[in-house]
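A closer look at the structure
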Amino acid sequence: HLGGLIASAVLDHPDTQLRLLVRPGERRLCVQGGPDLIIDGPARLLHVARAAGVGRMVPADFVANLFRIPRGRITPLDWRQDFAALADAERGPVEVVHVLNGGLPDRRVLSAPDIIDVRTATAFVRGDGRQPMDWTRCADVARCTAAVALDDRPAPRVLQVAGEVLDFHGIVRIGQALRVERLGSLDDLDAHIGSLQQGGPANFPACFPLMCYRSMLNGEGKLDVLMSDRYPSIRPTTVREYVAREAI
């Protein structure tokens, strides 16, 4: 989904050509998976890019502040940190830019289990819900990614962007009236994630979103140096605007 949006955002820029590389039999544009896809694959692309004289590479990060989250908390983000360290050592003249954007406030994320149940108009909170969290709509992440990829100016190693900063209660006040149900403390969330992890790899699809949400609720993944104003022509959609349009 995000890969297609980035491709479209690149094509919105004049005089720009786009080539897409996809694996045989697949049409996915964003790379997710194990260390072979998160470390080894980008490492090969980096080496090829360097040999071909490519000026800039943007890995498929697009998460909270992975450089602040302690190792061992979210394994795929550990791998992304590993690739970042490798890129620092081996990038040569290639600028490697990590785009970090916090949470993605789209229907699938906000309607995920343990966040908002649209059917019952119930919002679930763990802890006190007062930690400010960064939210950036997928289309705005795509536009920022295209902008930094095509920017002639020197780029920062990490581009942190946020469409809006809201705590849990700020989200609840948006849109339809929601009943708030508290699911316990952040320690309870840790225990819940731990129990899911004991179920093995089959539970990973349910576990990973909760891990990322935990890093937002407890502040570990908070962005710290926002650079959203680097591209003033991009006006991010607020969560309120998005929720109203999507009728979440």
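Residues numbered from 1 in each chain as written. Predicted model: local features only at pLDDT ≥ 70, side-chain atom pairs only at ≥ 80, totals over all residues. Heavy atoms only, no water.

Some thoughts on the layout of surface pockets
In this approach a probe as big as a water molecule rolls over the atoms, and the regions it shows empty are the leftover space. Short version of the rule: Of the grid points, spaced at 1 Å and generated over the protein atoms alone, those admitting a 1.4 Å probe that cannot get out make up cavities, while open sets with protein on both sides within 12 Å along at least five of seven lines make up pockets; any residue with an atom within 4 Å of a point is treated as lining. Grid points are joined across faces, edges and corners, and a volume is the space filled by probe spheres set on the points. Elements are defined by DSSP. Helices are runs of H or I of four residues or more, strands are runs of E of two residues or more, and each kind is numbered from the N terminus. Lys, Arg, Asp and Glu make up the charged group, whereas Ala, Val, Leu, Ile, Met, Phe, Trp, Tyr, Cys and Pro make up the nonpolar group; the residues left over, Gly among them, are polar.
Roughly 1,700 Å³ of volume is contained in the largest pocket. The wall of the largest pocket is formed by 40 residues, among which Arg19, Leu21, Leu45, Met57 and Val58 lie closest to the centre. At the level of elements, helix H1 (2-11), helix H2 (35-52), strand S1 (56-57), helix H3 (75-90) and helix H5 (138-149) are the ones that each hand at least two residues to the lining of the largest pocket. In terms of residue count, H2 provides more of the lining of the largest pocket than any other element does, nine residues in total. A per-class count over the lining of the largest pocket returns 27 nonpolar, six polar and seven charged.

Digging into the pattern of salt bridges
Threshold: The salt bridge definition used is simple: a Lys or Arg side-chain nitrogen within 4 Å of an Asp or Glu carboxyl oxygen. Exposure classes here rest on a 1.4 Å probe applied to the protein chains alone. A residue is buried below 20% of its type maximum, exposed above 50%, and partly exposed in between.
Applying the stated rule across the entire model yields 13 salt bridges. For Asp88, the salt bridge identified is with Arg157, shortest N-O distance 3.0 Å. Of this pair, Asp88 sits in helix H3 while Arg157 sits in the loop between H5 and strand S7 (158-160), and the two are 69 residues apart along the sequence. On the accessibility criterion, Arg157 (34% relative accessible area) is partly exposed.

So, the confidence of the model for the protein chain
Under the convention used in this document: Within a predicted model, pLDDT stands for the predictor's per-residue confidence, ranging from 0 to 100.
On average, residues of the protein chain carry a pLDDT of 88, and 92% of them reach 70 or more. No element of the protein chain has a lower mean pLDDT than helix H4 (residues 107-110), which averages 66, and none a higher one than strand S3 (residues 98-100), which averages 97.

Brief notes about the sheet that holds strand S9 (residues 179-182)
Either a parallel or an antiparallel arrangement is found when strands of a sheet pair, and the pairing is made through backbone hydrogen bonds. Going by this rule: Any two strands between which DSSP finds at least two bridges are classified as paired.
Across the sheet, which stays open at both edges, the three strands sit in the order S4-S5-S9 with mixed pairing between neighbours. Lying at the two open borders of the sheet, with one neighbouring strand each, are strand S4 (116-117) and S9. Alignment of S4 against strand S5 (residues 122-125), held across two bridges, turns out to be antiparallel. Looking at S5, one finds that Ile116 is bridged to Ala123.

A short note on the packing of H1 against H5
Applicable threshold: Axis definition: a line fit to C-alpha positions, over the contact stretch in the case of helices; interaxial angles, taken between N-to-C directions, run 0 to 180 degrees. Our angle categories are set so that under 35 degrees counts as roughly parallel, over 145 as roughly antiparallel, 65 to 115 as roughly perpendicular, and the remainder as oblique. By the definition used in this description, the sense in which the near helix is turned from the far one sets the handedness, with an anticlockwise turn below a right angle giving left-handed and a clockwise turn giving right-handed. Only heavy atoms matter for contacts: two residues are in contact if any of them lie within 4.5 Å across the pair.
Across the interface, H1 lies against H5 with an axial gap of 8 Å and an inter-helix angle of 50°. Taken as axis vectors, H1 and H5 run oblique relative to one another. Two packed elements cross with a definite hand, and for H1 against H5 that hand is right-handed. Taken together, the residues of H5 that come into contact with H1 (itself represented by Leu2, Leu5, Ile6, Ala9 and Val10) are Cys138, Ala139, Val141, Ala142, Arg143, Thr145 and Ala146. A class-by-class count of the residues in the contact of H1 with H5 yields ten nonpolar, one polar and one charged.

Thoughts on H3
The criterion, for reference: Multiplying one less than the number of residues by 1.5 Å gives the expected span of a helix.
Helix length check: H3, at 16 residues, gives a terminal C-alpha distance of 23 Å against a target of 22 Å (1.5 Å per residue), a fit within 8%. Of the surrounding secondary structure, the elements contacted by the buried residues of H3 are H2, S1, strand S2 (95-96), S3 and helix H8 (204-217). Trailing H3 by a residue or two, Gly92 shows a phi angle of about 60°, which is positive.

Let's talk about a nonpolar patch on the surface
Rules: Within the patch definition used here, like charges are joined within 9 Å and nonpolar side chains (Val, Leu, Ile, Met, Phe, Trp, Tyr) within 5 Å, considering only residues with over 30% relative accessible area and no salt bridge. For the area figures, the Shrake-Rupley method with a 1.4 Å probe applies, and any residue is considered shielded solely by the protein chains shown.
On the surface, Leu11, Leu18, Leu20 and Val22 cluster together into a nonpolar patch covering about 340 Å² of accessible area. Along the chain, Val22 falls in the loop between H1 and H2.

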